[in-house]
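# Architecture and fold: a report
Below, each chain spelled out in residue letters.
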Number of protein chains: 8
Amino acid sequence: MEKQKLVQLLKQVAQQQTTVEQALDQIDNPGFLDLNYAKIDTNRLKRTGAPEVIYGEGKTANQISGIAQAMIAQKTNIMVTRVTAKKAAEVQQQVPQLRYLAVARMLLFKAALPKLAVGSIAIVTAGTSDQKIAEEAAITAEMYGNQVERVYDVGVAGIHRLFAKLEVIRSAQVVIVVAGMEGALASVVAGLVSSPVIAVPTSVGYGTAFNGVAALLTMLNSCATGVTVVNIDNGFGAGYSASKINHLGGDVQ
Amino acid sequence: MEKQKLVQLLKQVAQQQTTVEQALDQIDNPGFLDLNYAKIDTNRLKRTGAPEVIYGEGKTANQISGIAQAMIAQKTNIMVTRVTAKKAAEVQQQVPQLRYLAVARMLLFKAALPKLAVGSIAIVTAGTSDQKIAEEAAITAEMYGNQVERVYDVGVAGIHRLFAKLEVIRSAQVVIVVAGMEGALASVVAGLVSSPVIAVPTSVGYGTAFNGVAALLTMLNSCATGVTVVNIDNGFGAGYSASKINHLGGDVQ
Amino acid sequence: MEKQKLVQLLKQVAQQQTTVEQALDQIDNPGFLDLNYAKIDTNRLKRTGAPEVIYGEGKTANQISGIAQAMIAQKTNIMVTRVTAKKAAEVQQQVPQLRYLAVARMLLFKAALPKLAVGSIAIVTAGTSDQKIAEEAAITAEMYGNQVERVYDVGVAGIHRLFAKLEVIRSAQVVIVVAGMEGALASVVAGLVSSPVIAVPTSVGYGTAFNGVAALLTMLNSCATGVTVVNIDNGFGAGYSASKINHLGGDVQ
Amino acid sequence: MEKQKLVQLLKQVAQQQTTVEQALDQIDNPGFLDLNYAKIDTNRLKRTGAPEVIYGEGKTANQISGIAQAMIAQKTNIMVTRVTAKKAAEVQQQVPQLRYLAVARMLLFKAALPKLAVGSIAIVTAGTSDQKIAEEAAITAEMYGNQVERVYDVGVAGIHRLFAKLEVIRSAQVVIVVAGMEGALASVVAGLVSSPVIAVPTSVGYGTAFNGVAALLTMLNSCATGVTVVNIDNGFGAGYSASKINHLGGDVQ
Amino acid sequence: MEKQKLVQLLKQVAQQQTTVEQALDQIDNPGFLDLNYAKIDTNRLKRTGAPEVIYGEGKTANQISGIAQAMIAQKTNIMVTRVTAKKAAEVQQQVPQLRYLAVARMLLFKAALPKLAVGSIAIVTAGTSDQKIAEEAAITAEMYGNQVERVYDVGVAGIHRLFAKLEVIRSAQVVIVVAGMEGALASVVAGLVSSPVIAVPTSVGYGTAFNGVAALLTMLNSCATGVTVVNIDNGFGAGYSASKINHLGGDVQ
Amino acid sequence: MEKQKLVQLLKQVAQQQTTVEQALDQIDNPGFLDLNYAKIDTNRLKRTGAPEVIYGEGKTANQISGIAQAMIAQKTNIMVTRVTAKKAAEVQQQVPQLRYLAVARMLLFKAALPKLAVGSIAIVTAGTSDQKIAEEAAITAEMYGNQVERVYDVGVAGIHRLFAKLEVIRSAQVVIVVAGMEGALASVVAGLVSSPVIAVPTSVGYGTAFNGVAALLTMLNSCATGVTVVNIDNGFGAGYSASKINHLGGDVQ
Amino acid sequence: MEKQKLVQLLKQVAQQQTTVEQALDQIDNPGFLDLNYAKIDTNRLKRTGAPEVIYGEGKTANQISGIAQAMIAQKTNIMVTRVTAKKAAEVQQQVPQLRYLAVARMLLFKAALPKLAVGSIAIVTAGTSDQKIAEEAAITAEMYGNQVERVYDVGVAGIHRLFAKLEVIRSAQVVIVVAGMEGALASVVAGLVSSPVIAVPTSVGYGTAFNGVAALLTMLNSCATGVTVVNIDNGFGAGYSASKINHLGGDVQ
Amino acid sequence: MEKQKLVQLLKQVAQQQTTVEQALDQIDNPGFLDLNYAKIDTNRLKRTGAPEVIYGEGKTANQISGIAQAMIAQKTNIMVTRVTAKKAAEVQQQVPQLRYLAVARMLLFKAALPKLAVGSIAIVTAGTSDQKIAEEAAITAEMYGNQVERVYDVGVAGIHRLFAKLEVIRSAQVVIVVAGMEGALASVVAGLVSSPVIAVPTSVGYGTAFNGVAALLTMLNSCATGVTVVNIDNGFGAGYSASKINHLGGDVQ
């Protein structure tokens, strides 16, 4: 609890304007819904500006359904990430309100429209195989009220494809670069734009690509400045951070 | 060159308003200063919004001096990173205009005042030993026109220290978290603020800290959303990206 | 054989109070049951305070059954860890006395009631996906006569959930923290309690989580003191060590 | 703040028995001493049962001295770990109260006598080269009020040396095993004792010892149960945890 | 665009010999076919001397078919690498012009005959299990107009097999060595021939072969000079580079 | 060809006692059978004392059958390692002379009886799960004419099991130690016997066992002298080397 | 010895045109100079087209001097790589004929002029710090009779610098790309030229650059075809292979 | 204690032929000399056939001197490995009986002549830089009564050097191969000899040699059978194991 609010609250208690119980509730409110196997963070929206997101991997269909139902009851927007088609179908039988996006492997429920940012986010991929991670980022960004420009398959092996799309990339307020194999695209893009760049290494490749480690190292060591990096295949994280940054530039009134 | 400008230019050539030589210069301008051992990127400011920065490690004092002198001649702001005190002294003998900041290990030259962003950047460290990387980030951010709030030594072993400073951290538009050892602070902070968080793993620690790899992995795998990561000990990169993001929120008029 | 006992025994031999054969048996007793493919350690209980536990992975259903039958014949408590549902069913056909716990993936047989420790063990998880490892720890601890407090899904992304449960965690004599991804919870908990903390990294996560290595490194490098660590996903080991520690505080009479 | 105390405090405020300022101080007390470059955790003793310990590596002599002086002023016991002889001498010039132990590389200040645990801690090393890490553990344990039994150089290459000392090891309530190279001693000891075992891998060895990684992996994968592990060369951490465990068995009245 | 051509073109514009539109098309031609999910690099042939190759892994049968159809329409030669038999059959239903080579796992379409190099390429394998990677290299080289000599299963465990084939290997202009396990063959061959050697580590082996990493390291550290290396299992890359080198020696007229 | 023999041969040529063709055949004899996809090393027996062994992994059933038939035609003993039950059945349909040993995963054909060594080889395993690798070693050793003593499941968690079998282990001329997890058994055994010890790390274990890497590192760093190591799960290699060593002690006449 | 020559030789022996001793000398010639601690490969020139090169690291000044003197006596060209200035001075005292190039860290002796290739080799570096490795490659290539074009500091952070030099790079017959940090330059260059590209990762960088591993992985995983790779910092190897390739295009008559 | 001896001893006690004290001494003899910081294993000679060897790294000159003096007093042969020249000089001042071998970095004391094995050990190195490890192996083998054949600098880059020395290598009963960089020599030698081969990877090389890891992996994955491996740079271990094997072939009478 912030100090200022605490001072105020204690004064109200001292002046009998607030009961001890009410004050207690505000200072000591759990701020989560307890399902025993899960504790849904109900004040995350207030604290971080976005509701809790369900990481689908390693959770059973029953667990996802239970959490989703509790959140729908609270009229919260829902995103479940990394859900296979099979698990999604099982969840949808229990929670038909959820919509499944197969390429992005996400389950969605939209209770309320987010504020729309003024600027846009460009999502650039090196190859066709990076598409599903790019879509996870794109859908995430759209769910949080951002306009997304998709620029796919412009890897450095044919760099003129990138230059042909440079205008649309430069006009975005944030750029997400999604690339596997050697991930060189991130450095090249960062050297050409003035906006912040978020790089997403993907597990595309074989042999010494080491499931994305090669691309990750490339991006962390970028000689071009202005690149920050997220975990391998973490399209969601990139979309989320990009959204936070993009909204700093102001929302549509 | 952007298409629109190119159309215009070619029309001017066709109408003899521009000579072939002038057009050539605009289409084919090198955009760098060639010192043979180095090619100083003179149009980086226009392209990315910030002048080239000199990475001091692996360059001799003579090379740094040569590059700095060429840039001073062009009245560009200069930052040289990762300069030891010994090498800095050698450079300063040749280029006395450069100021040395020992903790941040940087040489600076300020030709022009940057625009000041409205928002501020909070730089939070886990321990006292992370200070020199934090200072590299802080000085970088200040050089690019940002107000910096330093919140040092608030690691999770005594998490109440963090809570005591939460207000100042929350009031910043971007947060940089600098931590070595297990780097847990990044996740904790990201779970408590609504601004984007840039995490800087440091090489502080021993044994399985593996010179910063443990902290890096922690930060890449953060269960809290909104964290992006830079290379180990890359205070400069964090300060640079934070500045780009902070300026999106508008500049002081 | 301890020196004192040996002296006594030899004196008895010298005084013909013990025959050579009897002495031989005591000095040279094999202390195991030889099934050829397995040598069941029958004096482990006396030596280490707990009977041998069967590591189920890499053993056939027949081998597990054979070992279990031999131990049941000796009226020993049995725990078989890491048994899939399919293999468990095969074993139960041969050894119907064994009970299967699906979440913890364990087969159990309780021949005797253990002594109950006075203190309790708190088992804290970061996320819902860590549950099955936590249950392995919990069941193990309970089998060895400990009261267990389960505090699940209180990871640092919503740290107030942890604070809401701090009282129950602080009242335990030993705390087990189970966490995957970046595993930051161990450090945070250790900074808040006065009891010893055993950290269990789990293989939950993707990309640079490297199947639990990220969490392991976090826990080994904890800036908070009082944390010791076990192998990735080793719920059994954590439960076993916690039990040993908890019993040091005394048993219920 | 615990709920019960909070209820009481708020009632006192409501009844004017406590002023708003006093309540604020208790709810919102920083609990640390702010030296700017360091925030000394002054309520760690109350929270975790032991005062903050200064990690000497990566701190300057001035920083260590400043922190030590502030703690001495508060009459707290002080341990500074991983201090080279050279740095120790510099610190002692400023803070002559500190005593330096060269083998353990620690600076100590004892303001108060700790409670002495009833049980003892055995510290067992595989080789002569592991001694300095073992001493760090031993001194730490002694500072926290434990009796320490040193059993050095009993590695498995000559396992009869271990058996000769088994009685003294078995009589301890906690055992710390310190070993480099392949670290096999931890498994062997754990198979022979009934007390909890804390294993400390050391960076002793060459080639594929990988500065302690080989020993660490050995200890994490111990086939003997009851072993938990700390970071490579982390004698302090082992001593600290062992002390916590040993005190559970009761203190000398 | 090269400077000389640009000067010429601008002069033509100035002299009205070329329209602005025509000049624009030449300076700003996209040089790719945009299928949205893929941007086929249509001027790669001109730029690098070889048409774009389709990396089949991670692309759906539909995506491969779409790209192949667009390329066939342009009368380009097609190679699709790393296609499983199952996916190949699906693609062939849509694009029957493609021929599938099962061992090499490639789909091919030959629109035009390549120029044939004068020299030949020897492809040498250590074992029978390396054959499928060797065939990928061989087919690639043949598609680009090279004569290939296959020398299979001549690993160093029976080095006389290699010596028996030395003449044919020495008569080639480029040598590709394909080897898994410890990959020692590359060094031995490079010590015996005067032509450049391209080494391809394969994922053949187990345990510390680490899926080809052991062979890769061997090849990168070759004590014999004249060895360059490609990614693990990258038969295509080796065949492609070998072809480029072989054509330097001249083509059959 | 050895110098002495060469001198002799050349003299015979000079004296017309040997024709040029005959000499050529002896100097330039290929020494292998060329099946194109495989070159069977027919003089390995003479060169290294043992016929070529077929590594079954990565070869098709057809390839194995072809090689086996060619070797049977030459009346050579055959061992095929790492053959799954399914592939073995396919091979046996084509080559019914081959016998399959399921635990050791080997196909065998015995054309001739090997010489029997005077001494014996002890094969010691840490756990039941190491059995299949131990059997691969045992069968290999037996095929090469050695008496094998199997001592299974005597890991260091219950070290008295090892001591009970010490006599039989000490009476062997060579000892093979097979162990997964932390692999500590190799060091302990080597400290207790005077014969050479060959250690085989197995992929038994989980988490930081890293598929046998932990055991491998343990064995390479053994503090006990006299241990040499083979690849993870390489039972064949251990059996082969042990046989070579054991035969040095003399064969039964 | 090649078969054809052997037939001829044996015929000569049969016809008494060659004595047994002479034939022996040709068949069994050692082909090296034996200095005991070194065996100088005197027929490497004939076998591989280039004389032996001395790897200076790990050899004493005396050893280098001894080898050099023996080679000078044979009038062979000499290159000694990786020699520190200090060691070079010691060697030069004993072998004054050797010239030292400080940046490339090489000692040279030129006994004969090499044939000059028609084509040229372009050596391209990403940054100023890569210069010393580039020079090692350049000097090597020049020693072997190649014209070298140096294009330094054109990394992708300012990609227009590369485009400005594209003409000179494209006109070379082989391109060597030298880059540290993320090494992205290799992919970009390979996508723009039609000649073979040899990539040299350098150890320039910090943190996750892992002393050149990041750049190495980038280069091995290049999405652009036609790239082969050498060991980290192996300028010599790149220069050597490039020379072999360049000479394939023909020599100046 | 072996069972048979124990039976006998107990019978003697029963028959008063042996006192309790004497029996105790035999059953419970410590078998080591206790210097506190070190426990010298005095019955290792009897148990393993060789006296304890002092690993010099990580021990102070005082510790080495103390251990050596105690061993000299017992008239045991002494080997101290990995002693720098500086430390050796310090030790020799206290223990002048010790002789220092600089290349092998060993201190030696020969109290008694070992039995001489009939067979010999060949030590083969790939390069000149591997010499110091080879010498450690050679001196060790000689100390244990073996005749050593040194064959240095015959790496596979010039494989004819190896063939020229094949006769001397083949005539040895055991072969030690010492190689850094890619370590291919071990496989080649093992394919050519019938004796057991012990491979020693050395830390010679740079970049991806990773201080000997590349050579280690090569040797563990050898396609040639009959190779066992020791730790990186472990010349002592190789010499020790080779000696054990060589003595199996019988000693000179």
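Rules of the game
Residues numbered from 1 in each chain as written. Chains lettered and ligands numbered in written order. Predicted model: local features only at pLDDT ≥ 70, side-chain atom pairs only at ≥ 80, totals over all residues. Heavy atoms only, no water. Least-squares fit on C-alpha atoms with pLDDT ≥ 70 in both. Contact = heavy atoms within 4.5 Å. Buried area = accessible area lost by both parts, 1.4 Å probe. Salt bridge = Lys/Arg side-chain N within 4 Å of Asp/Glu carboxyl O. Helix = DSSP H or I, 4+ residues; strand = E, 2+ residues; numbered from the N terminus. Domains from an automatic or database assignment. Polar contact = N/O pair within 3.5 Å; in protein donor to acceptor, adjacent residues only side chain to side chain. Nonpolar A, V, L, I, M, F, W, Y, C, P; charged D, E, K, R; others polar. Buried < 20%, exposed > 50% of the residue type's maximum accessible area, 1.4 Å probe, protein only. Axes fitted to C-alpha atoms, helices over the stretch in contact; angles between N-to-C directions. Parallel < 35°, antiparallel > 145°, perpendicular 65-115°, else oblique. Left-handed = near helix turned anticlockwise from the far one by under 90°. Core = buried A, V, L, I, M, F, W, Y, C linked by side-chain atoms within 4.5 Å. Disulfide = S-S within 2.5 Å. Pairing = 2+ DSSP bridges. Right-handed = clockwise from strand over helix to strand, strands pointing away. Phe/Tyr/Trp six-rings, centres within 6.5 Å; stacked < 30°, edge-to-face > 60°.

## Some points on the relation of the copies chain H and chain F
Superposing chain H onto chain F takes a rotation of 180° plus a shift of 0.0 Å along the axis, which leaves an RMSD of 0.1 Å. On the angle and the small slide along the axis, the relation comes out as a two-fold axis. Mapped onto chain F, 100% of the interface residues of chain H again fall at the interface, so both copies present the same surface.

## Focus on the interface of chain H and chain F
Listed per partner, the contact involves 34 residues of chain H and 34 residues of chain F. With both chains or domains summed, chain H and chain F bury close to 2,900 Å², and 56% of this area falls on carbon and sulfur atoms. Our count for the chain H to chain F interface comes out at zero salt bridges. When residues of the side of chain H that touches chain F are traced back to their parent elements, those giving at least two are helix 1 (3–14), helix 3 (44–48), helix 8 (166–170), helix 10 (213–220), strand 11 (227–229) and helix 11 (235–248) of chain H. Here the side of chain H that touches chain F gets six residues from one element, more than from any other, and that element is helix 11 of chain H.

## What to know about the domain arrangement of chain A
All names here are of chain A. Annotation of chain A at the domain level lists domain 1 (31–109) and domain 2 (120–247). One C-alpha centre belongs to domain 1, the other to domain 2; they are set 26 Å apart. Each partner contributes to the interface: domain 1 provides 16 residues, whereas domain 2 provides 13 residues. The junction of domain 1 with domain 2 conceals about 1,100 Å² of combined surface from both sides, 69% of it contributed by carbon and sulfur atoms. Three residues, M79, R82 and V103, lead the burial of domain 1 against domain 2; their summed loss comes to 35% of the area buried on that side. At the boundary of domain 1 with domain 2, the tally comes to zero salt bridges.

## Some words on the interface of chain H and chain D
Opposite the 25 residues of chain H that make contact, chain D presents 18 residues. Here chain H meets chain D over a buried area of about 1,700 Å², counting both sides, of which 54% is carbon and sulfur. Joining chain H to chain D, the criterion identifies one salt bridge. Of the charged contacts in the structure, one is a salt bridge between D:K165 and H:D34, with a shortest N-O distance of 3.6 Å. Counting the contacts that link chain H with chain D gives ten residue pairs in polar contact (both at pLDDT 80 or more). When the residues that make up the side of chain H that touches chain D are grouped by side-chain class, the tally is eight nonpolar, seven polar and ten charged.

## Let's talk about the pattern of salt bridges
Applying the stated rule across the entire model yields 55 salt bridges over all chains. Linking F:E90 and F:K86 is a salt bridge whose minimum nitrogen-to-oxygen distance equals 3.6 Å. Of the two residues, F:E90 and F:K86 both sit in helix 5 (residues 85–94), four residues apart, roughly one turn of that helix. Accessibility expressed as a relative area gives 36% for F:E90, which makes it partly exposed. On the basis of relative accessible area, F:K86 is assigned to the exposed category, the value being 64%. Among the ionic pairs, H:E57 bridges to H:R82, the shortest N-O distance being 3.7 Å. Taken as a pair, H:E57 in the loop between strand 3 (54–55) and helix 4 (61–73) and H:R82 in the loop between strand 4 (78–81) and helix 5 (85–94) lie far apart in primary sequence, 25 residues in all.

## Looking at the relation of the copies chain H and chain D
Of the two same-sequence chains, chain H is brought onto chain D (RMSD 0.1 Å, axial shift 0.0 Å) by a rotation of 90°. The superposition operator between the copies reduces to a four-fold rotation axis. Proximity to the rotation axis, assessed at the C-alpha, singles out H:F210 in chain H; its C-alpha lies 7.7 Å from the axis.

## Quick look at the packing of helix 4 (residues 61–73) of chain E against helix 5 (residues 85–94) of chain E
Residues and elements named next belong to chain E. Closest axis-to-axis distance for the helix 4/helix 5 pair is 9 Å, and the angle between their directions is 45°. The orientation of helix 4 with respect to helix 5, classified from their angle, is oblique. As helix 4 runs across helix 5, the sense of the crossing is right-handed. Contacts from A61, N62, I64, S65 and Q69 of helix 4 reach helix 5 at K87, E90, V91 and Q94. Here the contact of helix 4 with helix 5 is composed, by residue class, of three nonpolar, four polar and two charged.

## Some thoughts on the nonpolar core
Within the largest apolar cluster, 278 residues are counted, with the highest numbers of intra-cluster contacts made by B:L185, C:L185, D:L185, E:L185, G:L185 and H:L185. Setting aside anything within four residues of it in sequence, one finds C:L185 in contact with C:V124, C:T125, C:A126, C:V154, C:G155, C:V156, C:L162, C:V177 and C:A179.

## Details of unusual backbone geometry
In this structure, E:F210 takes a positive phi of about 45° despite not being glycine. Residue classification places E:F210 among the partly exposed residues on the basis of a relative accessible area of 33%. The phi dihedral of G:D233 falls on the positive side, at around 65°, and the residue is not glycine. Counting through the fold element by element, G:D233 comes out in the loop between strand 11 (227–229) and helix 11 (235–248). Taking the relative accessible area as the measure of exposure, G:D233 reaches 13% and is therefore buried.

## As for the state of the cysteines
Under the definition given, this model contains zero disulfides over all chains. Among the cysteines around H:C223, which has no disulfide bond, E:C223 carries the closest sulfur, lying 15 Å off. Judged by its relative accessible area of 25%, H:C223 falls in the partly exposed class.

## Some points on the side chain of G:S187
Among the structural elements, G:S187 can be located in helix 9 (residues 185–190). Polar side-chain contacts of G:S187 include one of 3.0 Å to the side chain of G:S222. Look past the residues within four positions of G:S187 in its chain and what remains in contact with it is A:V156, A:E182, A:A184, G:S222, G:C223 and G:A224.

## Side note on the pairing of strand 9 (residues 174–179) of chain A
All names here are of chain A. Most of strand 9 is tucked away, with six of its six residues classed as buried. Side chains V174, I176 and V178 project from strand 9 onto one buried face, and the interleaved V175, V177 and A179 project onto a second face that is buried too. Note that strand 7 (residues 120–125) and strand 9 share five bridges and pair parallel. Bridge assignment links I121 to a residue of strand 9, and that residue is V174. As paired strands, strand 9 and strand 10 (residues 197–201) are joined by five bridges and run parallel to one another. Within the sheet, the bridge partner assigned to A179 lies in strand 10 and is P201. Note that the unit made of strand 9, helix 9 (residues 185–190) and strand 10 has a crossover that is right-handed.

## Focus: the packing of aromatic side chains
Within this structure, the stated rule accounts for 28 aromatic pairs over all chains. A centroid spacing of 6.0 Å and a plane angle of 35° characterise the contact between B:Y206 and D:Y55, whose relative ring orientation is tilted. Within this pair, whereas B:Y206 is found in the loop between strand 10 (197–201) and helix 10 (213–220), its partner D:Y55 is found in strand 3 (residues 54–55), the two belonging to separate chains. The class for B:Y206 is buried, based on a relative accessible area of 17%. Here H:F236 and H:Y240 contribute two aromatic rings whose centre-to-centre distance is 5.9 Å and whose plane-to-plane angle is 45°, an arrangement assigned as tilted.

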